[in-house]
Amino acid sequence: MTAPRLPLLRFALASSVLLLAACSTAEAPDPSQCLEDGHCNPGERCVSGRCEGPRVDAGGQGGAGGGGPACRIDGDCPNGRCVDGECFANQCTEGEERACSSACGDGVQTCRGGVWRPCNAPPAVAEICGDGRDNDCNGTVDDNCGGCSNGAERPCQNECGTGVERCVDAAWRGCTAPRVRLEQCGDGSDEDCDGMVDEGCDGCADGDVRDCQTECGAGRETCSGATFRGCDAPQPQDELCNGRDDDCDGQTDEEIVRDCTTACGSGTERCEGGQWAGCSAPEDCPCAAGDVDAQRCGQCGERVRACEGEAWGAWSACDSGTQQCEPGATESEPCGNCGSKRRVCTAGCTWGDWSSCIDEGVCQAGAREQQACANGCGVEVRTCSDQCTWSDYGACEGQGADACAPGQAETRACGNCGTQERLCAGECAWGEWGPCRDEGECRPGDEDGRACDQACSAQVRTCTNECRWGDFGACGGGGQCSPGERETRACGNCGEEARTCTEQCVWGGWGGCQGEGVCVAGDEQSRNCGTNTGECRQGTERRTCNPSCGWNAWGVCAGGVSPAPEICGDGLDQDCDGSDTRRPDQFEPNDSCGACEMIPGVDPDGHVIIATLDAAGDRDFFCFQADDGWSAPGFGERIQLALTSIPNGEDYDLFLYRSQADCRAGDSLASSRNGGSADDTIDWVEALNVEDDGTYVIEVRAFNNGQSCNDSYRLEVTGLR
């Protein structure tokens, strides 16, 4: 932990440098002396060995040229900004715009952070030879680009760096220096090479959206972390020889040159109309019988010629057997939650790496999610749509019509003006009624008597509506009843109580309630039934109290989802046993490139595999060892694959990889993606003069994660033959 910097420490540090003579005096140390800003108190700066606090001049800020008050943060500079410890006046108001221009045209400057940002007018850049444009905007196209010897090279440069250009057809062409491009926000790069990264990208609130643009078109970008990011406009690519305007500069295949060779020497060739042509390498030179000459042709093909009688024969046709794709072509594939990934064909006619998965949704299509209802009982469910977005939560399921909130209380009258209470249990169903409490003395309308002095003479009182006895009346003859007489009445839950007439001709007290049932006739109870496991949802079952005060049997479970026959491997638990049933075939687990099932022998001949994709998203991988045999022009070996008997209603695709590493990278030699349950086949022919030994990997993949545990597919494999 760093000790606090006290005034005495500042004094000691300063004295070690200034060699203060005051050490021989009794003067107190000066707390304003320092060596650096850190020796000063917060808000102060170390200036010429002394700590100075923020100062505000008469105008409230420093001058535009500096020399203003000392500061640490912008808040120390009213109407200004703090730069390297000094206050500077703002040049402009945030968001203000003004016209500007460059040698190449007009533009606009925008105020950000109190400073005018660079002009967005087209910049004048170093002349790029051979592109037919006046890059430096001096009125001359391709100036200083001619007068050279074919094949010569020289350095070239623009604002973005250095490169090399080559003399082709007596003109300098193909400068390899990085091209100046429009600034793209949020990528941390200086595309326009003006010395500033992501200028004009800040000063926004998270979630703000604005238009953006690249050389290839317009799009939108969103503010995140106070910086605009993620412009979705088409991005320019490096120019390829493919007949397309890859870098979106209005020209096609401009300034693309490459080396070319023959057995007689080397030269260069240019791209014309999407094709390489005009190799300047010499064609004629002595040769010996048996000599073979090979030359690159087309995009990525090869042509050959043989020596015939000490002179070179004619070139063969251009063989593009190893070409995977056209340079610049793109390929997309679904990934993740309704997302997509993309790859671009390189100048070498091979597929580049897959991009990361973009534009994903928030969930997997068909997935279900549930949450407790607002009262804590039952569940409400939402489902992920085919667009991988959540639907709204549905109605609350698994509650009875008379559901209650846990802890809720309910009371009712009972007995002699008493009350009883029941509570809502944790499953949102009412519990049993509690005992009757706070009862009165009697039942309204009941009579009570007591004997008078005369035989069978009695006083009578009546029970009030408040269940309290009224006053006794006057003595009367005859009493209430005949001695020994017995009387009964209903009580409680279908019970009975009795009383007997005494010898004084008055009724004795009522006895206890006998023979009660367990409930009040007509009462109803409900409770949750079933399960919320898997695809099942709880329902409600009910029972009622019968006239004999006994509970009837529980009724059927209504309103829920009951277990259903399991569908194997679809990722859903229809029978609600807690898991999705799978029936792996004999090759499982062969779900990854590294766990591929090895086919016996070297270069199998018509080997047949019967297998299943037994779960949603399952992929099967098989591999075989290949031995490269003899080949010649027109007689190359080939690998043949046939995927047939695809289960009805499913769409399976077939892929061939050169190695496990290529498999992991998603870089396939060939693929077949026929729609529906149509057969898929691959017939791949090897390239001449290429060693093709090794382990090849075959992948069987379902489109959109389809599967069938019950129905198998048939895969026939013929190796390199």
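Just above, that's the structure.
Presented here is a report on the structure given in the accompanying data block. (Residues numbered from 1 in each chain as written. Predicted model: local features only at pLDDT ≥ 70, side-chain atom pairs only at ≥ 80, totals over all residues. Heavy atoms only, no water.)

### Focus on the overall build of the protein
Note the following rule: What counts as a helix is a DSSP run of H or I of at least four residues, what counts as a strand is a run of E of at least two, and both are numbered from the N terminus. Only protein chains enter the area calculation, which uses a 1.4 Å probe; residues under 20% of their type maximum are buried, those over 50% are exposed, and those in between are partly exposed.
A count of helical and extended segments in the protein gives two helices and 40 strands. Split into buried and exposed, the 721 residues of the protein put 37% on the buried side.

### A closer look at the pattern of salt bridges
Stated precisely, the cut-off is as follows: Each salt bridge in this description consists of a side-chain nitrogen of Lys or Arg and a carboxyl oxygen of Asp or Glu lying within 4 Å of one another.
One pass over the structure, following the stated rule, counts 31 salt bridges. Salt-bridge contacts for Arg210 lead to Glu221; the nearest nitrogen and oxygen are separated by 2.8 Å. Placement of Arg210 in strand 11 (residues 209–214) and of Glu221 in strand 12 (residues 217–224) is noted, with a sequence separation of 11 residues between them. By relative accessible area, Glu221 is classed as buried at 4%. Taking the shortest distance from any N to any O, the salt bridge between Arg422 and Glu410 comes out at 2.6 Å. Remark: Glu410 occurs in strand 24 (residues 409–414) and Arg422 occurs in strand 25 (residues 418–423); sequence separation between them is 12 residues. Note on Glu410: relative accessible area 28%, which makes it partly exposed. A cluster of three or more residues bridged by salt bridges with shared partners is formed by Glu331, Glu333, Lys341, Arg343, Arg619, Arg673, Glu699 and Arg701.

### Quick look at the sheet that holds strand 8 (residues 153–158)
Put simply, the rule reads: Between any two strands, at least two bridges found by DSSP are needed for them to pair. Think of each axis as a best-fit line through the C-alpha atoms, taken over the contacting stretch in the case of a helix, with angles from 0 to 180 degrees between the N-to-C directions.
Spatially, three strands are ordered 8-9-10 in an open sheet, and the strand pairing comes out antiparallel. The sheet terminates laterally at strand 8 and strand 10 (171–173), the two strands that pair on one side only. Sheet twist, expressed as the average angle between the axes of neighbouring strands with direction ignored, equals 40 degrees. As judged from the three bridges shared by strand 9 (residues 161–168) and strand 10, these two strands associate in the antiparallel manner. Bridging from a neighbouring strand, Val168 pairs with Ala171 of strand 10.

### Notes on the packing of aromatic side chains
Definition in use: Any two of the Phe, Tyr and Trp rings considered here, Trp counted by its six-membered ring, make a pair once their centres fall within 6.5 Å; the pair's planes then place it as stacked at under 30 degrees, edge-to-face at over 60, or tilted in between. Sitting over a ring, as applied to charges here, requires NZ of Lys or CZ of Arg to be within 6 Å of the ring centre and within 35 degrees of the ring normal.
Under the counting rule described, the total for this entry stands at four aromatic pairs. Between Phe587 and Phe622, the aromatic rings sit 5.5 Å apart at their centres with planes inclined by 80 degrees, giving edge-to-face as the arrangement. One end of the pair, Phe587, is in the loop between strand 31 (539–544) and strand 32 (597–602); the other, Phe622, is in strand 34 (residues 619–626), and 35 residues separate them in sequence. Take Phe587 and Phe622: they sit in the same class, and that class is buried. Ring geometry for Phe624 against Tyr696: centres 5.6 Å apart, planes inclined by 10 degrees, an arrangement best described as stacked. Of this pair, Phe624 sits in strand 34 while Tyr696 sits in strand 39 (residues 694–702); the two residues are 72 residues apart in sequence, bridging distant segments of the chain. Taken individually, Phe624 and Tyr696 each receive the classification buried, so the pair is uniform in this respect. Of the aromatic side chains, those joined through ring pairs into one cluster are Phe624, Trp684 and Tyr696. Of note, Lys341 hangs over the ring of Trp354, and the distance from its end group to the ring centre comes to 5.0 Å. Across the ring face of Phe655, the terminal group of Arg701 is positioned such that the distance to the ring centre comes to 4.0 Å.

### Quick notes on the side chain of Ser668
To keep it simple, the criterion reads: The criterion used for residue contact is that any of the two residues' heavy atoms lie within 4.5 Å.
You can see Ser668 is positioned in the loop between helix 2 (660–665) and strand 37 (670–672). For Ser668, a relative accessible area of 6% corresponds to the buried category. Ignoring sequence-local partners within four residues, the contact set of Ser668 consists of Gln324, Arg343, Leu656 and Tyr657.

### Regarding the sheet that holds strand 34
Strand order in the open sheet formed by five strands is 32-34-39-36-37, and the pairing between neighbours is mixed. The open sheet is flanked by strand 32 and strand 37, the only strands paired with a single partner. Averaged over all neighbouring strand pairs, the angle between strand axes comes to 15 degrees, with direction disregarded. Strand direction decides the pairing type here: strand 36 (residues 652–657) and strand 39, joined by six bridges, are antiparallel. Within strand 39, the position partnered with Phe655 by the bridge is Glu699.

### Quick notes on the state of the cysteines
Using the following cut-off: The criterion for a disulfide is a pair of cysteine sulfur atoms lying within 2.5 Å.
Evaluation of the coordinates by the stated rule reveals 33 disulfides. Across the disulfide from Cys104 sits Cys137; the S-S distance is 1.6 Å. Taking the torsion about the sulfur-sulfur bond, which here is approximately 105 degrees, the covalent link between Cys104 and Cys137 counts as right-handed. Of this pair, Cys104 sits in the loop between strand 5 (97–102) and strand 6 (105–112) while Cys137 sits in the loop between strand 7 (115–116) and strand 8, and the two are 33 residues apart along the sequence. The partly exposed category is assigned to Cys137, whose relative accessible area is 24%. Paired through a disulfide, Cys491 and Cys513 show a sulfur-sulfur distance of 1.8 Å. An S-S torsion of about 100 degrees defines the bridge between Cys491 and Cys513 as right-handed. A residue pair is termed long-range when its members are at least 10 positions apart, and Cys491 in strand 28 (residues 486–491) and Cys513 in the loop between strand 29 (495–500) and strand 30 (524–529) qualify at 22 residues.

### Some points on unusual backbone geometry
With an omega dihedral of -5 degrees, the bond running from Glu588 to Pro589 counts as a cis peptide bond. Backbone geometry at Asp603 places phi at a positive 45 degrees, although glycine is not the residue there. Mapped onto the fold, Asp603 is located in the loop between strand 32 and strand 33 (607–611). Residue classification places Asp603 among the buried residues on the basis of a relative accessible area of 6%. Here the phi dihedral of Ser645 falls at roughly 55 degrees; this positive angle occurs in a residue that is not glycine. Examined against the element boundaries, Ser645 turns out to sit in the loop between strand 35 (638–644) and strand 36. On the accessibility criterion, Ser645 (46% relative accessible area) is partly exposed.

### Side note on the nonpolar core
Note the following rule: We define the nonpolar core as a collection of buried residues of types Ala, Val, Leu, Ile, Met, Phe, Trp, Tyr and Cys that are connected through side-chain atoms lying within 4.5 Å of one another.
Among the nonpolar cores identified, the biggest contains 26 residues, and Phe622, Ile698, Tyr713 and Leu715 are the most heavily contacted of them. Leave out the neighbours within four places in its chain, and Leu715 touches His607, Val608, Ile609, Phe622, Ala642, Leu643, Leu654, Ile698 and Val700. Of all hydrophobic cores here, the second largest spans eight residues; its members include Phe655, Tyr657, Cys663 and Val697.

### Focus: the environment of Gly207
Along the chain, Gly207 turns up in the loop between strand 10 and strand 11. Considered as a pair, Gly207 and Gly225 are 18 residues apart in the sequence and their alpha carbons are 9.3 Å apart. With residues up to four places along the chain from it excluded, the contact list for Gly207 reads Thr222 and Cys223.

### Observations concerning the pairing of strand 20 (residues 330–335)
Of the two faces of strand 20, the one lined by Glu331, Glu333 and Cys335 is fully buried and the one lined by Thr330, Ser332 and Pro334 carries no buried residue. Here strand 20 runs beside strand 21 (residues 339–344); their pairing, made up of six bridges, is antiparallel. Within strand 21, the residue paired with Glu331 across the bridge is Arg343.

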